[in-house]
Amino acid sequence: MRTAVITLAAGRHSHLRLQQDGLARGTRLPDQYVIVSMDDPAIGPLTAGREPEADVLTVPLAEGRLPLAAARNAGAERALEGGADLLVFLDVDCVPGPALVAGYARAAQDGALLCGTVAYLPPPPPGGYDLAGLAALAPPHPARPAPAEGEILRGGDPRLFWSLSFALTARTWRRVGGFCEAYTGYGGEDTDFAALAARRGVDLWWVGGAPAYHQHHPTHEPPVQHLDDILRNGALHQRRWGTWPMAGWLRAFQELGLVVYDPGADTWRKR
C-alpha cells in the first residue's frame, strides 16, 4: 500500500520542521510527503534537502483567507497523481508518533474514515521538544475516544471528527468527493466533510496505535480572532446541513457579548 502524508502550511515553520523530523523517525516512512503551501514562499526552501523529501505545491489565499478545504483537495490530488493508495492528513502543528503511518496503513480499509489519537503538548522546554519523549508529556485529548494500541472503535460519531490527524484510502476519498471549497478561513470545513462522508456510507473509526502530538502555540479561548470566519462558515454549514457547527464557540462568543442568536431565523449575527 503506497502511503502519502499531506499537510498544509502557512507560517508555523518550526512546527513543520519538527513534523518532518517526526516522519523521518517513523517505523514506516511515507512514500510521498505532500506539503501544500498556502501562499508561503518560504516552505520550499525550508523543507528542501531534508527527509522525508517534501513535494511542495502552492495554492493562493482566498480573498486573504486560508483556503483550507481547497488546499486539502489540492494535496490529495497531488498524492493521487503519485499513485497513493492511502491518504494521511496531518495538521502542521502535529508531530507524528513513530507508528502513525504504520498504524494507519494497518487499519486502512475502503469505506472507513480513520482518526488516530491526538495529545496536546505543553509549551516546549528551552531546548525544544524531545521527539523520543512526546508520549510522556500529555495523554490523548479527553474529548475524543482513545483506543488502545491495535484497537479500532467502529461506528464513531461523525460530529467528533477533526482534521488534525485522519486517513482514508484513495477509493474512499473519491467516494466522499473531497472538501467543500466554499469554506474559506477557519472552521467548519472538517465538520462538513465528516457529514458528507457519513451521508455516503463511510464509517468513522477511531484507531489505536496511530498517535500524533499537537505542538503548543498561543491561542485564544474562545478563538475570537476567527469570529468572522466562524460566523461565515457556520452559516454555510447551516444552509448545507440544517445545523450550526462550532456551537460551543458560538455560545462562548454570546457570553462575551460578541454575537446574538435569532431563533426565528436560526441565525447567529455579530452584535
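Our subject is the structure that appears above.
Residues numbered from 1 in each chain as written. Predicted model: local features only at pLDDT ≥ 70, side-chain atom pairs only at ≥ 80, totals over all residues. Heavy atoms only, no water.

What to know about the packing of aromatic side chains
Okay, step 1: Per the stated rule, a full pass over the model turns up 11 aromatic pairs.
Okay, step 2: Residues Phe 89 and Phe 166 carry aromatic rings whose centres are separated by 4.6 Å and whose planes lie at 5 degrees to one another, so their mutual orientation is stacked. Of this pair, Phe 89 sits in strand E4 (residues 86-90) while Phe 166 is found in strand E8 (residues 165-169), placing the two residues 77 residues apart along the sequence. With respect to class, Phe 89 is no different from Phe 166; both count as buried.
Okay, step 3: Both rings, one in Trp 173 and one in Phe 193, keep their centres 5.8 Å apart while their planes meet at 35 degrees; by these two values the pair is tilted. Taken as a pair, Trp 173 in helix H5 (residues 170-176) and Phe 193 in helix H6 (residues 189-199) lie far apart in primary sequence, 20 residues in all. With respect to class, Trp 173 is no different from Phe 193; both count as buried. (Phe/Tyr/Trp six-rings, centres within 6.5 Å; stacked < 30°, edge-to-face > 60°. Helix = DSSP H or I, 4+ residues; strand = E, 2+ residues; numbered from the N terminus. Buried < 20%, exposed > 50% of the residue type's maximum accessible area, 1.4 Å probe, protein only.)

Digging into unusual backbone geometry
Okay, step 1: In this structure, the amide linkage connecting Glu 51 to the following residue, Pro 52, adopts the cis form with an omega of -5 degrees.
Okay, step 2: Relative to the assigned elements, Pro 52 resides in the loop between helix H2 (43-47) and strand E3 (54-59).
Okay, step 3: In this model, Glu 221 is joined to Pro 222 through a cis peptide bond whose omega is 0 degrees.
Okay, step 4: On the secondary structure map, Pro 222 appears in the loop between strand E9 (203-214) and helix H7 (227-241).
Okay, step 5: In the Ramachandran plot, Asp 39 falls in the positive-phi region, its phi being about 60 degrees despite a non-glycine side chain.
Okay, step 6: Within the element layout of this structure, Asp 39 appears in the loop between strand E2 (32-38) and H2.
Okay, step 7: Exposure remark for Asp 39: the relative accessible area of 47% places this residue in the partly exposed category.

As for the packing of H6 against H7
Okay, step 1: Contact geometry of H6 with H7 gives a least axis separation of 11 Å together with a crossing angle of 15 degrees. The angle between the axes of H6 and H7 places the two elements in the roughly parallel class. Here the hand of the crossing between H6 and H7 comes out left-handed. Note on element contacts: H7 touches H6 through His 237, Arg 240 and Trp 241, opposite Thr 191, Asp 192, Ala 195, Leu 196 and Arg 199.
Okay, step 2: Across the contact of H6 with H7, the residue classes tally to 3 nonpolar, 2 polar and 3 charged. (Axes fitted to C-alpha atoms, helices over the stretch in contact; angles between N-to-C directions. Parallel < 35°, antiparallel > 145°, perpendicular 65-115°, else oblique. Left-handed = near helix turned anticlockwise from the far one by under 90°. Contact = heavy atoms within 4.5 Å. Nonpolar A, V, L, I, M, F, W, Y, C, P; charged D, E, K, R; others polar.)

Function cannot be read off these values alone, since they describe shape.
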